[in-house]
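Architecture and fold: a report
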Amino acid sequence: MTDAALTPAQSAKARARAESEARLKRRYRAEARFRFYGRAAIILALAFLVLLLGRIGLQGYSTFTDYRVSLPVQVNADRVDMADLGGSNFNLTVAESALALLGETDDPYGEASAEMMAILSGDMGFQILDRLREDPSLVGQTITVQGPMKANASLYYKGQISRDTEVGGRLLSDRQLDWLDELRERGVVSGGFNWTFLSRSDSTEPEQAGVWGAVVGSAMMLFVTAMLAAPIGVLAATYLEEFAPKNRWTDIIEVNINNLAAVPSIIYGLLGLAVFINWLAVPRSSPLLGGLVLALMSLPTIIIATRSALRAVPPSIREAALAVGASRTQTVFHHVLPLAMPGMMTGVILSLAHALGETAPLLMIGMVSFVPGVPETLTSAATVLPVQIFIWENASERAFHERTAAAIIVLLVFMVLMNLVAVLVRRRFERRW
Amino acid sequence: MTPMSNPRSSFKMTAQRDDALASAGTSRAAVGKVSATDVSVFYGDKQALFDVSLDMPDRMVTALIGPSGCGKSTFLRCINRMNDTIPGARVDGKIILDGEDINDRKVDPVLLRARVGMVFQKPNPFPKSIFENVAYGPRIHGFADNKTELADIVESSLKRAGLWKEVADRLQAPGTSLSGGQQQRLVIARAIAVSPEVILMDEPCSALDPIATAKIEELIDDLRSQYCIVIVTHSMAQAARVSQRTAFFHMGAVVEAGATDEIFTNPRDTRTQDYITGRFG
Ligand SMILES: Nc1ncnc2c1ncn2[C@@H]1O[C@H](COP(=O)(O)OP(=O)(O)O)[C@@H](O)[C@H]1O
Ligand SMILES: [Mg+2]
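Residues numbered from 1 in each chain as written. Chains lettered and ligands numbered in written order. Predicted model: local features only at pLDDT ≥ 70, side-chain atom pairs only at ≥ 80, totals over all residues. Heavy atoms only, no water.

Some points on the overall build of chain B
Summing up its helical and strand segments, chain B has eleven helices and ten strands in all. Residue burial in chain B is summarised as follows: out of 281 residues, 54% are buried. Taking contacts inside chain B between residues at least 6 apart in sequence as the whole, the part at least 24 apart equals 67%. Carbon together with sulfur atoms contributes 51% to the accessible area of chain B, which is approximately 11,900 Å² in total. (Helix = DSSP H or I, 4+ residues; strand = E, 2+ residues; numbered from the N terminus. Buried < 20%, exposed > 50% of the residue type's maximum accessible area, 1.4 Å probe, protein only. Contact = heavy atoms within 4.5 Å. Areas by Shrake-Rupley, 256 points an atom, 1.4 Å probe, with all protein chains shown as cover.)

Some details on the interface of chain B and chain A
Note on interface size: it is often stated as the accessible area lost on association of the parts. Facing 20 residues of chain B, the contacting portion of chain A comprises 18 residues. Both sides of the chain B and chain A interface together cover about 1,600 Å² of buried area, and 66% of this is carbon and sulfur. Taken as a group, Phe 126, Pro 127 and Tyr 136 of chain B account for 32% of the area that chain B buries against chain A, more than any other trio of residues on that side. On the surface where chain B and chain A come into contact, there are zero salt bridges. When contributions to the side of chain B that touches chain A are tallied by element, the ones reaching two or more residues are α3 (109–115), β6 (116–119) and α4 (130–140) of chain B. In terms of residue class, the side of chain B that touches chain A is made up of twelve nonpolar, five polar and three charged. (Buried area = accessible area lost by both parts, 1.4 Å probe. Salt bridge = Lys/Arg side-chain N within 4 Å of Asp/Glu carboxyl O. Nonpolar A, V, L, I, M, F, W, Y, C, P; charged D, E, K, R; others polar.)

With respect to the packing of aromatic side chains
This structure, assessed with the given rule, holds twelve aromatic pairs over all chains. For the ring pair Phe 64 of chain A and Phe 193 of chain A, a centre distance of 6.2 Å and an interplane angle of 20° mean the geometry is stacked. Of this pair, Phe 64 of chain A sits in the loop between α1 (8–60) and β1 (65–74) while Phe 193 of chain A sits in strand β3 (residues 189–193), and the two are 129 residues apart along the sequence. Look at Phe 193 of chain A and you get partly exposed, because its relative accessible area is 40%. Linked through ring pairs, Phe 64, Phe 193, Trp 195, Phe 197, Trp 392 and Phe 400 of chain A together constitute an aromatic cluster. Lying across the ring of Phe 42 of chain B, Arg 90 of chain B places its NZ or CZ 4.2 Å from the centre. (Phe/Tyr/Trp six-rings, centres within 6.5 Å; stacked < 30°, edge-to-face > 60°. Lys NZ or Arg CZ within 6 Å of the ring centre and 35° of its normal.)

A word on the sheet that holds strand β5 (residues 100–101) of chain B
All names here are of chain B. The strand order across the open sheet formed by four strands is β2-β1-β4-β5, and the pairing between neighbours is antiparallel. On the outer flanks of this sheet lie β2 (46–56) and β5, each paired with one strand and no other. Pairing analysis gives two bridges linking strand β4 (residues 89–97) to β5, with the strands arranged antiparallel. Pairing of Leu 97 across the sheet is with Glu 100, part of β5. Each of β1 (34–43), β2 and β4 is contacted by helix α2 (residues 72–79), which is oriented at about 65° to β2, the strand it contacts most. (Pairing = 2+ DSSP bridges. Axes fitted to C-alpha atoms, helices over the stretch in contact; angles between N-to-C directions.)

Examining the site of ligand 1
Residue and element names in this part refer to chain B. The immediate surroundings of ligand 1 are formed by 13 residues, with Gly 69, Gly 71, Lys 72, Ser 73 and Thr 74 found nearest. Taking Lys 46, its side chain carries an N or O atom lying 3.4 Å from an oxygen atom of ligand 1. In the environment of ligand 1, an oxygen atom lies 2.7 Å from a nitrogen or oxygen atom belonging to the backbone of Gly 69. Protein contact buries 67% of the 550 Å² of open area that ligand 1 shows by itself. (Near = heavy atom within 4 Å. Polar contact = N/O pair within 3.5 Å; in protein donor to acceptor, adjacent residues only side chain to side chain.)

Some thoughts on helix α14 (residues 328–356) of chain A
Structurally, the α-helix is built with 3.6 residues per turn, so residues lying three or four positions apart point the same way. The first and last C-alpha atoms of α14 of chain A sit only 36 Å apart over 29 residues, clearly below the 42 Å expected at 1.5 Å per residue. Taken as a whole, α14 of chain A carries its principal kink of about 50° at Met 341 of chain A; the proline Pro 342 of chain A stands between one and four residues after it. (Expected span 1.5 Å × (residues − 1). Bend = angle between axes of the 7 residues up to and from the residue.)

Some points on the pattern of salt bridges
According to the stated counting rule, one finds 26 salt bridges over all chains in the structure shown. Measuring nitrogen to oxygen at the nearest pair gives 4.0 Å for the salt bridge that ties Arg 311 of chain A to Glu 254 of chain A. Pair noted here: Arg 311 of chain A is in helix α12 (residues 287–311) and Glu 254 of chain A is in helix α10 (residues 248–261), with a separation of 57 residues, a long-range link. Judged by relative accessible area, which is 26%, Glu 254 of chain A ranks as partly exposed. Measuring nitrogen to oxygen at the nearest pair gives 3.1 Å for the salt bridge that ties Asp 269 of chain B to Arg 271 of chain B. The buried category is assigned to Asp 269 of chain B, whose relative accessible area is 9%. The class for Arg 271 of chain B is partly exposed, based on a relative accessible area of 21%.

Brief notes about the packing of helix α2 (residues 90–101) of chain A against helix α4 (residues 123–134) of chain A
When two helices pack together, their arrangement is given by the angle between the helix axes and the distance between those axes. Residue and element names in this part refer to chain A. For the pair α2 and α4, interaxial distance at closest approach is 8 Å and the crossing angle is 110°. Taken together, the axes of α2 and α4 are roughly perpendicular relative to one another. Where α2 crosses over α4, the two elements pack in a sense that is right-handed. For the pair formed by α2 and α4, the contact residues are Phe 90, Asn 91 and Val 94 on the first element and Met 124, Gly 125, Ile 128, Leu 129 and Leu 132 on the second. (Parallel < 35°, antiparallel > 145°, perpendicular 65-115°, else oblique. Left-handed = near helix turned anticlockwise from the far one by under 90°.)

Re the environment of Ala 321 of chain A
Along the chain, the position of Ala 321 of chain A falls in helix α13 (residues 315–323). In the structure, Ala 321 of chain A is positioned eleven residues away from Val 332 of chain A in sequence and 9.1 Å away in space, judged by C-alpha atoms. Beyond its immediate stretch of four places on either side in the chain, Ala 321 of chain A contacts Ala 326, Thr 331 and His 335 of chain A together with Phe 126 of chain B.

Some details on the nonpolar core
The biggest cluster of nonpolar side chains holds 63 residues, and the ones touching the most others in it are Phe 197, Val 211, Leu 362, Leu 385, Trp 392, Val 410 and Met 418 of chain A. Of all the elements in the fold, those that place two or more residues in this core are α9 (212–243), α11 (265–279), α12, α13, α14, α16 (385–393) and α17 (398–429) of chain A. With twelve residues, the single largest contributor to this core is α14 of chain A. Counting 44 residues, the second largest nonpolar core, distinct from the first, contains Ile 65, Ile 130, Val 134 and Cys 205 of chain B. (Core = buried A, V, L, I, M, F, W, Y, C linked by side-chain atoms within 4.5 Å.)

Concerning the confidence of the model for chain B
In low-pLDDT regions, the fine details of the predicted coordinates are not to be read closely. Residues and elements named next belong to chain B. On average, chain B scores 85 in pLDDT, and the residues at 70 or more come to 88%. Contacts from residues 1–30, a stretch scored under 50 in pLDDT, to residues over four places away or in other chains number 45 contacts. For this predicted complex, the interface score ipTM comes out at 0.84, while the overall pTM is 0.80. (pLDDT = per-residue confidence, 0-100.)

Describing the side chain of Ser 218 of chain A
On the secondary structure map, Ser 218 of chain A appears in helix α9. For Ser 218 of chain A, the side chain forms a polar contact with the main-chain nitrogen of Leu 385 of chain A, separated by 3.1 Å.

What to know about empty space enclosed by the protein
Residue and element names in this part refer to chain A. Applying the stated rule across the entire model yields three cavities of 30 Å³ or more. The calculated volume of the largest cavity comes to roughly 60 Å³. Surrounding the largest cavity, Thr 65, Asp 66, Pro 148, Met 149, Ala 151, Ser 154, Lys 158, Asn 194, Glu 207, Ala 399, Glu 402 and Arg 403 form its lining. Contributions of two or more residues to the lining of the largest cavity are made by β1, α5 (151–157) and α17. (1 Å grid on protein atoms, 1.4 Å probe; cavity = no way out; pocket = protein on both sides within 12 Å on 5 of 7 lines; lining within 4 Å. Points joined across faces, edges and corners; volume = space filled by probe spheres on them.)

Some details on the domain arrangement of chain A
Residue and element names in this part refer to chain A. Here the domain parsing of chain A yields domain 1 (64–193) and domain 2 (212–429). The centre of domain 1, based on its C-alpha atoms, is set 46 Å off from the matching centre of domain 2. If you look at the interface, domain 1 gives six residues, while domain 2 gives six residues. Both sides of the domain 1 and domain 2 interface together cover about 560 Å² of buried area, and 58% of this is carbon and sulfur. The three residues of domain 1 that bury the most area against domain 2 are Phe 64, Leu 155 and Gln 160, which together make up 58% of that side's buried surface. Taken together, domain 1 and domain 2 are joined by one salt bridge. Salt-bridge contacts for Glu 402 lead to Lys 158; the nearest nitrogen and oxygen are separated by 3.3 Å. On inspection of domain 1 and its partner domain 2, the count reaches one residue pair in polar contact (both at pLDDT 80 or more). The class makeup of the residues in the side of domain 1 that touches domain 2 is four nonpolar, one polar and one charged. (Domains from an automatic or database assignment.)

Quick look at the structure:
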């Protein structure tokens, strides 16, 4: 059929249909395009996430295994000075026993024992010291001690250092590698889960370093932050949202809270330095100090989250309560706050999770010292997870880098747990109206 | 030109044509359980009510009718001082409840709201159990000394609201799980539970289907024997069915008020006539 055969009305109709089809096609194309952009963005984000987590995982997973050696140690009486147990060199005793096990003897210059000491952790020496203190009759006997290999030796067992690595890079001599092989062949070395890493605190020796002290420090600091920021933030937000008159002053306060939420965290560190350390003399490097600074930092976020949770409660609920003769306070505490609870809790938990990972303000208040123990009180010196990561990252020994990644994994696990709690809280308390 | 900027003197004149209200002052209080005199309401700079005077007698239903935005809800909210909770709202004039000025300094708005219950357009039960919804008011006002007394109040309130049979076996179910009509009756039960003297209803049926509406209307008719009821409605038929007195609001003023029969059969003002015959509004 040709155009000529169509009446004007028919051709107009056909044109209209063609136009509408073209419009439809354009719409489909636009939708397809948008879907493609959206998916591409998500895939890109996921790719970066996988890359990040993958790298950290690959670098850190090996920390969670370590190699321990169990040795029969001959505690020779001539090496023990009962008057000064601490002054006795038990590491040498351990090294000599290990050499004896391999059928070797020390040379006059003590080079063999020194090299042996460099692959066995000093932890075993301390174990002997402790046991002798408890039971002096062990002198002259053979006791079995079990302890970790030095971090470099473990790296060799894990395959991260091999004979092909140049000697300068592996920090182990050929003789030490031979010994390591032989020890493993004799079955005195066993690999297992690295409990040391989870149960000990920072140490100068990587094989004895752990995150427990930092975990406890972080928990204490977060406790201080939560105890301060959550109630103050929730009450302030409730007052501002439900009770305060709406005037210029409350507008100014609102704007300033929003601004504070955008202030870089390091500024809070400066503030903490000036106010808490110089003025209030809060002990440096303590969980209390860190908690105070992070509480200041979290307050604006908590206030903002709480206010939006309160605003999401429908006004009809307030009217209903007021209309049966509830006072303003009763209305808020009996009806509005319970309904806003899931939103408020989520806001609080998320901002605490944020505080858990905060490093900059803590560095500012000097929370960056080497703390070998687990903090006992809120005012004792402590380190926290992100700062521990920072410290280890700057350490020179190779085994610490492995531990940096592992500490990041521990931190991420805590973050994920907190986010999970936030989701569960929201699910659990969510109500419809 | 906004509706509010009309010359208000003419409205005042027409409003006062209601014969029963001709005399002014305290003697008016004798006429109604609730008696409003020259009530004006301002939202900020904007005036929403212009010198409204109206009597709402006890044991009767007073219907407030009029086009949207003419100030019916605003007037209703004056009677339980809910306007107090709106920032920037100001109420002038006198509202007498049982001979007492409710805007007096000595009157506590919270206690007043226990005496003057309110039912809203959209059913707004608390997101709590049916029992809790009704028990909340009596509990905060200390009406019950123990659990049995509280349960009795809940039961009798639900019975009076005509809801007991439907919910007796699921008092612990959430109030929000009920149907719209049931929710509205639950809300009425909640208002009744604090033994109010006046019940204000702001378009209580406009979100309901005809069957639920019929039930509420029946309920209002039952409740009339015990309370002073003021109801805002958009439906002329509803006003005619449930009310004994009617006030026609227009642009923030009462144009005409009187016995419902009178207003509907023999309106004196042409605007009233136009409105009830559906010519505007
Ligand atoms: N909270 C408020 N703030 C400002 N203006 C209001 C408020 N409530 C009502 N108004 C105004 O007052 C007038 C009367 O409103 P309303 O009493 O709700 O009318 P109706 O219930 O008769 O439809 C309207 O012009 C409305 O815009
Ligand atoms: Mg209204």
